[in-house]
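Inside the fold
Here's the letter readout for the chains.
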Amino acid sequence: VQLQACGGGLVQAGGSLRLSCAASEATISRYDMGWFRQGPGMEREFVAAVRWNSGSTYYAESVKGRFTISRDNAKNTVYLLMNSLKPEDTAVYYCAARSTGILSTIRSAAAYAHWGQGTQVTVSS
């Protein structure tokens, strides 16, 4: 599966952005989908994920209550709605997909085989 992320940009603190990740060459309906981010000088970290079968969602504590992950299987697209953005949310955001994996590893970047190219999100104070 090929992934193309978009929707990043520059926004003031407290603002909102919606990232999109469009998939091609495969349907995402049977993939766990995740969003990760990597800030300057930092390791890539988990942001959110949605399970392929149950649709259950999972979030990092730092974004819980502010970010919402969703998927539209008909459009083969996953979204990340980001509200109440903070300067510390500044990072390159990546979408990722995996076709297999146990639930306990859904937050692990190493468990995802397919990655998009990343989209920059910058939050100014």
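Heads up: these notes are all about the structure in this document. (Residues numbered from 1 in each chain as written. Predicted model: local features only at pLDDT ≥ 70, side-chain atom pairs only at ≥ 80, totals over all residues. Heavy atoms only, no water.)

1. A look at the state of the cysteines
Per the stated rule, a full pass over the model turns up 1 disulfide. Between the sulfur atoms of Cys 21 and its disulfide mate Cys 95 the distance is 2.1 Å. Residues Cys 21 and Cys 95 are joined by a disulfide whose S-S torsion is about 60 degrees; by sign, that bridge is right-handed. One end of the pair, Cys 21, is in strand 3 (residues 17-24); the other, Cys 95, is in strand 9 (residues 91-98), with 74 residues separating them in the sequence. An identical accessibility class is assigned to Cys 21 and Cys 95; each is buried. (Disulfide = S-S within 2.5 Å. Helix = DSSP H or I, 4+ residues; strand = E, 2+ residues; numbered from the N terminus. Buried < 20%, exposed > 50% of the residue type's maximum accessible area, 1.4 Å probe, protein only.)

2. Section: the pattern of salt bridges
One side chain can pair with another of opposite charge once the charged atoms of both are near each other. Overall, the coordinates contain 6 salt bridges when judged by the stated rule. Across the pair Arg 51 and Asp 32 runs a salt bridge, and its minimum N-O distance is 2.6 Å. Within this pair, whereas Arg 51 is found in the loop between strand 5 (45-50) and strand 6 (57-59), its partner Asp 32 is found in strand 4 (residues 32-38), the two being separated by 19 residues in sequence. In this structure Arg 51 comes out as buried when scored by relative accessible area, which is 13%. Judged by its relative accessible area of 1%, Asp 32 is buried. A salt bridge links Glu 45 to Arg 37; the nearest nitrogen and oxygen atoms lie 2.6 Å apart. Judged by its relative accessible area of 5%, Arg 37 is buried. Each of Arg 37, Glu 45, Arg 66 and Asp 89 takes part in salt bridges that share partners, so that together they form one network. (Salt bridge = Lys/Arg side-chain N within 4 Å of Asp/Glu carboxyl O.)

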